[in-house]
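Structural features, examined
Listed below are the residues making up each chain.
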Amino acid sequence: MTTKPTVFTPNSAIATAVHPSPNIEPRRGGRPPNILLLHYTGMRSGPLAVDYLARPDAKVSCHYVVDTDGTVTQMVAESMRAWHAGVSSWHGETDINSLSIGIEIQNPGHEMGYHDFPEAQMRAVIALCQDIVTRNAIPPERVLAHSDVTPMRKIDPGEKFNWQRLHRAHVGAWVKPSPPHDDDLGLGPNLESETPAPPQACIAAAQRLLHRYGYDVPCSGIYCEVTLKTVAAFQRHFRPARVDGCLDLSTLATLERLLAAYPTPVAAAAPTAIA
Ligand SMILES: [Zn+2]
């Protein structure tokens with residue numbers, strides 16, 4: 001596979017700079033991008049992130065980087081497969097890199113002082129996302145967090161990312177979350193002794209709903225670690241007021257509301273040639 005960066009014309013007018021990454025390859029199966037995947041960089045600065053994503057030995061890349069001041073750098077042409085999703089899954093599809101366009105949003109992340117996304121950056125993210133979903137006909141329910149497609153490994157872009165605002169700008173799915181209550185701590189694997197055992201049927205029902213929306217979760221009725229982290233990923237995206245991985249009534253109500261609003265989540269498009 002090529003390791004020489006290839007200069008290309010930016011796909012989006014929102015991109016103000018091009019910094020080609022060598023870490024690219026053709027999209028497998030010739031399938032067009034059908035998912036928009038949002039990340040945070042987890043690095044100290046935007047320029048450091050761009051440098052890293054352009055290093056051949058890093059073996060990672062993404063299509064766009066949005067710095068805190070709103071500067072947008074395109075690193076991979078949208079027609080190419082970038083390496084940002086890693087081992088991941090959505091609606092049973094596991095080659096998310098071949099199906100997605102990836103945006104890295106500069107933020108040091110949970111391990112280095114996770115902070116709010118600045119206004120200039122949010123404006124740039126929104127404009128870029130609007131442009132990408134319009135040109136690529138990406139439906140709302142396929143605008144996803146990295147944590148949605150790999151909840152066991154990733155938590156980015158995290159609960160501070162404003163998905164509601166993105167939705168108001170006509171990008172991504174959102175429903176008004178049911179607020180969590182202090183007296184409803186929900187079901188989880190580590191219950192206090194006075195708490196009754198979690199009913200398996202209830203856990204299985206929630207797992208089925210998460211699975212129907214696209215999450216890769218077993219429908220076992222057992223509150224395993226995958227279930228805990230998948231519930232946390234759902235909360236991080238759709239009910240950010242409390243992210244604890246416990247299945248409380250607010251989480252369930254929000255999930256049911258989401259599936260009612262988006263009753264037939266769109267699976268990946270059938271293989272077609274990229275125009
Ligand atoms: Zn990520």
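Residues numbered from 1 in each chain as written. Predicted model: local features only at pLDDT ≥ 70, side-chain atom pairs only at ≥ 80, totals over all residues. Heavy atoms only, no water.

A separate point is the coordination of the zinc ion. Surrounding the zinc ion are the protein donor atoms His39 (ND1), His146 (ND1) and Asp156 (OD), which sit 2.1 Å from the metal. Its relative accessible area of 3% is what places histidine 146 among the buried residues. (Donors = N, O, S within 2.8 Å, 3.2 Å for Na, K, Ca; no water. Buried < 20%, exposed > 50% of the residue type's maximum accessible area, 1.4 Å probe, protein only.)

What follows is about the pairing of strand β3 (residues 35-40). The buried fraction of β3 amounts to six of the six residues, a majority that puts the element mostly inside the structure. Judged by which residues are buried, β3 turns out to be covered on both faces: Ile35, Leu37 and His39 on one side and Leu36, Leu38 and Tyr40 on the other are all buried. For β3 and strand β7 (residues 100-105), the ladder comprises six bridges, and the chain directions are parallel. Within β7, the position partnered with leucine 38 by the bridge is isoleucine 103. (Helix = DSSP H or I, 4+ residues; strand = E, 2+ residues; numbered from the N terminus. Pairing = 2+ DSSP bridges.)

Enumeration over the complete set of coordinates arrives at 15 salt bridges. One salt bridge connects arginine 236 with glutamate 159, and the closest N-O pair in it is separated by 3.2 Å. Taken together, the positions of arginine 236 in helix α7 (residues 225-238) and glutamate 159 in the loop between α4 (146-149) and α5 (163-168) put the pair 77 residues apart, joining distant regions of the chain. Arginine 236 gets classed as buried once you look at its relative accessible area, which sits at 14%. With its nearest N and O atoms 3.1 Å apart, the salt bridge here joins lysine 229 to glutamate 225. Here lysine 229 pairs with glutamate 225, and both are found in helix α7, just four residues apart, close to one helical turn. Taking relative accessible area as the criterion, glutamate 225 reaches 45% and is therefore assigned partly exposed. Where salt bridges share partners, they join Glu25, Arg28, Arg81 and Asp95 into one cluster. (Salt bridge = Lys/Arg side-chain N within 4 Å of Asp/Glu carboxyl O.)

We now examine the side chain of asparagine 23. As for its position among the elements, asparagine 23 is in the loop between β1 (17-18) and β2 (24-26). For asparagine 23, a relative accessible area of 3% corresponds to the buried category. In terms of polar contacts, asparagine 23 uses its side chain to reach the backbone carbonyl oxygen of arginine 55, at 3.1 Å. Sequence-distant contacts of asparagine 23, defined by excluding residues within four places in its chain, comprise Leu53, Arg55, Pro56, Lys59, Val60, Ser61, Arg81, Ala82 and Trp83. (Polar contact = N/O pair within 3.5 Å; in protein donor to acceptor, adjacent residues only side chain to side chain. Contact = heavy atoms within 4.5 Å.)

Now for the nonpolar core. Counting 56 residues, the largest nonpolar core has Leu36, Leu38, Ile103, Phe161, Leu166 and Tyr213 as the members making the most contacts within it. Counting residues per element, this core draws most heavily on helix α3 (residues 119-136), which supplies eight residues. Grouped together as the second largest cluster of nonpolar side chains are nine residues, Ile24, Leu53, Val76 and Ala82 included. (Core = buried A, V, L, I, M, F, W, Y, C linked by side-chain atoms within 4.5 Å.)

Let us now look at the packing of aromatic side chains. Scanning all chains against the criterion turns up nine aromatic pairs. Their ring planes at 80° and their centres at 6.2 Å tell us that tyrosine 114 and phenylalanine 117 sit as a pair that is edge-to-face. Phenylalanine 117 shares its class with tyrosine 114; the two are buried. Relative to phenylalanine 234, the ring of tyrosine 215 has its centre 6.5 Å away and its plane inclined at 75°; by these criteria the two rings are edge-to-face. Highlighted residues: tyrosine 215 in the loop between α6 (200-213) and α7 and phenylalanine 234 in helix α7, separated in sequence by 19 residues. Pair check on accessibility: tyrosine 215 and phenylalanine 234 agree, each one buried. Ring pairing ties together the aromatic residues Tyr40, Tyr114, Phe117, Phe161 and Trp163, which thus form one cluster. (Phe/Tyr/Trp six-rings, centres within 6.5 Å; stacked < 30°, edge-to-face > 60°.)

Attention shifts here to the packing of α6 against α7. Here α6 crosses α7 at 60°, and the two axes come no closer than 11 Å. Relative to α7, the element α6 is oriented oblique. Considering only the axes of α6 and α7, their crossing is left-handed. Across the interface between the two elements, Gln207, Leu210 and Tyr213 of α6 pack against Thr227, Thr230, Val231, Phe234 and Phe238 of α7. The class makeup of the residues in the contact of α6 with α7 is five nonpolar, three polar and no charged. (Axes fitted to C-alpha atoms, helices over the stretch in contact; angles between N-to-C directions. Parallel < 35°, antiparallel > 145°, perpendicular 65-115°, else oblique. Left-handed = near helix turned anticlockwise from the far one by under 90°. Nonpolar A, V, L, I, M, F, W, Y, C, P; charged D, E, K, R; others polar.)

With mixed pairing, six strands are arranged side by side in an open sheet as β1-β5-β4-β7-β3-β8. Each edge of the sheet is formed by a strand with only one pairing partner; in this case those strands are β1 and β8 (143-145).

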